[in-house]
Amino acid sequence: GNGNVTVEGESTNPPTPPTGDTAKPGEIVTGGNKEYTDETGTAVIPEGFAVVTDPDTIENGLVISDKPNDDMNNTVGGNQFVWVPVSKENFETEFVRQDFGNQNISDTNFINTKPESGKYYEITPTSTDLTGTTQTTINEVKNMYNSVKTNGGFYIGRYEAGKEGTDTLVIKKNANVYNYINWGNSMTDETGGAVEKARGMYPGKSTLCYGVQWDAVMRWISKDSNLSQYLTNSDGKGNYKDEDSSNNPANTGSNPAYQMKNIYDMAGNVSERTMEAYNTNFRVVRGGFYSITGSVSPVTSRYGNDPDYSYGDIGFRVALYV
């Protein structure tokens, strides 16, 4: 009655429903979220964002920007995100962690439908688990799940996290990749590193990408017969060893060939930190990186490493829920 949603006794923020108005390309949405519909589906456009002026279809990857009149080439230089559709009807079976093969670590602890599952390491803390998660993340993941289910999708950064100046986070084309960043200040600290950067971009709406969100993108890509082949061998779809001669991370969105569903560099360039954990010692990074091949480390790859570890081949990606 008061608009709150209760999950297992804990109050969470309800998703913001669309106003009923229709979003128009190029125009920043104000006064609440609005819907945008084309022949392939419906997306929810969050307040403060605009559909780009020359949009692709929702099925191919609808792009939004936080600046008006931005376009697919990111000419205006807004932060850009891509809508990832998730089935409302099949939410319980589709918005789950999934093993797509060639993931380098056992998947036994990750295949779960419910976020409160004891094996769902993204949110479950224990007294001995150094990757245990705070109440902030438990609330965040419940809000995120509720939003994705209600709205039928979420947004993921069109580009890997980039850096302007000393440490300003951007999701823009041709930015320096935000690498040499740890997951947090320590294994149990969620206030530093990539977690803090992602959450601080649009407080209450932006997060470091969750494993279940990464896999939702993989599932969406797998439905496209032109792209599904790259899930287990991403040669040709990323900045990998022998793909580009520099053997260094490229700027964000540097090569049009390295996009799938209008999302750049999920394969190759730098592997990306997520909210996912592996056992009790490691946080999970996803995708491949520049000093390995796309057949060895494709877009579906999953590795675990120390949350305090930072190096040139590790970056991160921001997700956004509405």
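Residues numbered from 1 in each chain as written. Predicted model: local features only at pLDDT ≥ 70, side-chain atom pairs only at ≥ 80, totals over all residues. Heavy atoms only, no water.

Under the counting rule described, the total for this entry stands at 13 aromatic pairs. Seen from their ring centres, Phe95 and Tyr145 are 5.1 Å apart, and the 70° between their planes marks the pair as edge-to-face. Separated by 50 residues along the polypeptide, Phe95 in the loop between helix H2 (91–94) and helix H3 (135–151) and Tyr145 in helix H3 bring together distant segments of the chain. The same class applies to Phe95 and to Tyr145, which are both buried. Taking NZ or CZ as reference, Lys163 lies 4.5 Å from the ring centre of Tyr178, over its face. Just above the ring of Tyr230 sits the side chain of Lys237; from NZ or CZ to the centre is 5.4 Å. (Phe/Tyr/Trp six-rings, centres within 6.5 Å; stacked < 30°, edge-to-face > 60°. Helix = DSSP H or I, 4+ residues; strand = E, 2+ residues; numbered from the N terminus. Buried < 20%, exposed > 50% of the residue type's maximum accessible area, 1.4 Å probe, protein only. Lys NZ or Arg CZ within 6 Å of the ring centre and 35° of its normal.)

For strand S16 (residues 282–286), a buried count of four out of five residues is recorded, marking the element as mostly surrounded by other parts of the structure. Alignment of S16 against strand S17 (residues 302–305), held across four bridges, turns out to be antiparallel. Opposite Arg286, over in S17, you have Arg302 as the bridge partner. (Pairing = 2+ DSSP bridges.)

For the rest of this paragraph, the subject is the nonpolar core. A general tendency of soluble globular proteins is for nonpolar side chains to be buried together. Ranked by size, the top nonpolar core spans 69 residues in total, and within it Ile45 and Phe95 carry the most contacts. Of the residues forming this core, the biggest block, seven residues, is contributed by helix H5 (residues 211–222). (Core = buried A, V, L, I, M, F, W, Y, C linked by side-chain atoms within 4.5 Å.)

Let's shift gears to the side chain of Arg317. Among the structural elements, Arg317 can be located in the loop between strand S18 (314–316) and strand S19 (318–320). Residue Arg317 is classed as buried on the basis of its relative accessible area of 0%. Of note is the side chain of Arg317, whose polar atom sits 3.3 Å from the backbone oxygen of Asp265. (Polar contact = N/O pair within 3.5 Å; in protein donor to acceptor, adjacent residues only side chain to side chain.)

For a regular strand, the rule is simple: side chains alternate between the two faces of the sheet. In terms of strand pairing, strand S3 (residues 34–38) meets strand S4 (residues 41–45) through five bridges, oriented antiparallel. Looking at S4, one finds that Tyr36 is bridged to Ala43. Here S3 folds back onto S4 in antiparallel fashion, the turn holding two residues.

A separate point is the layout of surface pockets. Considering only enclosed or pocket space, the largest pocket measures out at about 400 Å³ in volume. Taken together, the residues of the lining of the largest pocket break down into ten nonpolar, seven polar and seven charged. (1 Å grid on protein atoms, 1.4 Å probe; cavity = no way out; pocket = protein on both sides within 12 Å on 5 of 7 lines; lining within 4 Å. Points joined across faces, edges and corners; volume = space filled by probe spheres on them. Nonpolar A, V, L, I, M, F, W, Y, C, P; charged D, E, K, R; others polar.)

Glancing now at the sheet that holds strand S10 (residues 168–170). Sheet architecture is open: three strands sit in the order S10-S9-S11, paired in antiparallel fashion. Only two strands of the sheet have a single neighbouring strand rather than two, namely S10 and strand S11 (176–177).

Moving on, we get to the environment of Gly200. Position of Gly200 relative to the elements: it lies in helix H4 (residues 193–201). Put simply, Gly200 and Leu169 are 31 residues apart on the chain and 9.3 Å apart in space, counted from C-alpha to C-alpha.

This brings us to the sheet that holds S19. Reading across from one edge, S5-S6-S7-S8-S19-S12 is the order of the six strands in this open sheet, with antiparallel pairing throughout. On the outer flanks of this sheet lie strand S5 (50–51) and strand S12 (206–208), each paired with one strand and no other. Note: strand S7 (residues 80–85) against strand S8 (residues 153–157), five bridges, orientation antiparallel. Note that in S8 the partner of Phe81 across the bridge is Gly157. Strands in contact with H3 are S7, S8 and S12; relative to S8, the strand with the most contacts, it is inclined by about 115°. Packing against the sheet, H4 makes contact with S12 and S19, and its axis sits at approximately 165° to S12. (Contact = heavy atoms within 4.5 Å. Axes fitted to C-alpha atoms, helices over the stretch in contact; angles between N-to-C directions.)

What follows is about the environment of Thr16. Turning to its location among the elements, Thr16 is positioned in the loop between strand S2 (10–12) and S3. In this structure the C-alpha to C-alpha distance between Thr16 and Ser147, which are 131 residues apart in sequence, comes to 8.0 Å. For Thr16, the contacting residues outside a window of four places in its chain are Asn33, Asn151, Lys205 and Val322.

Now for the confidence of the model for the chain. Keep in mind that low pLDDT regions are not for reading the predicted coordinates in detail. Overall, the predicted model of the chain reaches an average pLDDT of 84, with 80% of residues at or above 70. Predicted confidence for residues 106–121 stays below pLDDT 50, and this span has 43 contacts to residues more than four positions away or in other chains. Contacts from residues 123–131, a stretch scored under 50 in pLDDT, to residues over four places away or in other chains number 29 contacts. (pLDDT = per-residue confidence, 0-100.)

All right, on to H5 then. Taking 1.5 Å of rise per residue, twelve residues should cover 16 Å, and H5 covers 16 Å from first to last C-alpha, within 8% of that figure. Most of H5 is tucked away, with eleven of its twelve residues classed as buried. Among all positions in H5, only Gly211, Val212, Gln213, Trp214, Asp215, Ala216, Val217, Met218, Arg219, Trp220 and Ile221 are buried. (Expected span 1.5 Å × (residues − 1).)

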